[in-house]
Amino acid sequence: MPLIEAEVMLLDAQITLLFSDAIPSEMDWQRLRRAQRRVLREARALLAVRGAPVRRVA
């Protein structure tokens, strides 16, 4: 469930950037980056719980 919630937050941030009438602010971009990091963190945690090896990207 945490991964799904993180993906919904990411989708919401992406929609806000795409359909905003104004130029996206720095806060909008920070929100997007924060949501992306959360999705990655939750996916990594899910893989760790399932016992799958986690590959590190340089």
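Residue numbers restart at each chain and count upward from 1, following the sequence in its written direction. A pLDDT threshold of at least 70 governs which residues receive local features in this predicted model, and a stricter bar of 80 or more applies before side-chain atom pairs are shown or counted, although totals over entire chains, interfaces and linings include all residues. Heavy atoms from the whole structure form the basis of all side-chain values; hydrogens and water molecules are not counted.

Asker: Whenever I open this one, the nonpolar core confuses me. Can you help?
Answerer: One recurring pattern in soluble globular proteins is that nonpolar side chains are buried together. Only buried residues count toward a nonpolar core. Its members are Ala, Val, Leu, Ile, Met, Phe, Trp, Tyr and Cys residues joined through side-chain atoms within 4.5 Å. Exposed residues in this analysis have more than 50% of their type's maximum accessible area, buried residues have under 20%, and partly exposed residues fall in between, with area computed by a 1.4 Å probe over protein chains only. Listed in full, the eight residues of the largest apolar core are Leu3, Ala6, Leu10, Ala13, Leu17, Leu32, Ala35 and Val39. For the purposes of this entry, the term helix denotes a DSSP run of H or I that reaches at least four residues, the term strand denotes a run of E that reaches at least two, and both are numbered from the N terminus. Ranked by the residues each element gives to this core, the list is headed by helix 1 (residues 2–19), at five residues. Discounting residues that sit within four places of it in the chain, leucine 17 has contacts with Pro24, Asp28, Trp29 and Leu32. Pairs of residues are marked as contacts when any of their non-hydrogen atoms sit within 4.5 Å.

Asker: I tried to follow the environment of glutamate 5 on my own but got confused; where do I start?
Answerer: Structurally, glutamate 5 can be placed in helix 1. Remark: the alpha-carbon pair of glutamate 5 and arginine 50, spanning 45 residues in sequence, is separated by 19 Å.

Asker: Would you mind going over the pattern of salt bridges with me for this structure?
Answerer: Where charged atoms of side chains with opposite charge meet at close range, the side chains can pair. Any carboxyl oxygen of Asp or Glu within 4 Å of a side-chain nitrogen of Lys or Arg constitutes a salt bridge here. Scanning the model with the defined rule gives three salt bridges in all. A salt bridge links arginine 38 to glutamate 5; the shortest N-O distance between them is 3.9 Å. Here arginine 38, found in helix 2 (residues 26–50), pairs with glutamate 5, found in helix 1; they are 33 residues apart in sequence, far enough to count as distant. Aspartate 12 is the partner of arginine 31 in a salt bridge, and the nearest nitrogen-oxygen pair spans 2.2 Å. With arginine 31 in helix 2 and aspartate 12 in helix 1, this pair connects stretches of sequence that are 19 residues apart. Classification of arginine 31 by relative accessible area gives partly exposed; the value is 29%.

Asker: I'm lost on helix 1 in this one. Help?
Answerer: For helix 1, built from 18 residues, the straight-helix expectation of 26 Å at 1.5 Å per residue is met to within 8% by its first-to-last C-alpha distance of 26 Å. Within helix 1, burial applies to Leu3, Ala6, Leu10, Ala13 and Leu17. Buried residues of helix 1, viewed axially, fall in a sector of 90°; they line one side. Facing away from the buried side of helix 1 by over 90 degrees, the exposed positions are Val8, Leu18 and Phe19. Buried residues in helix 1 make contact with helix 2. A helix is expected to span 1.5 Å for every residue after the first. Read the arc as the range of directions from the helix axis to the C-beta atoms.

Honestly, it's all geometry; don't read function into it.
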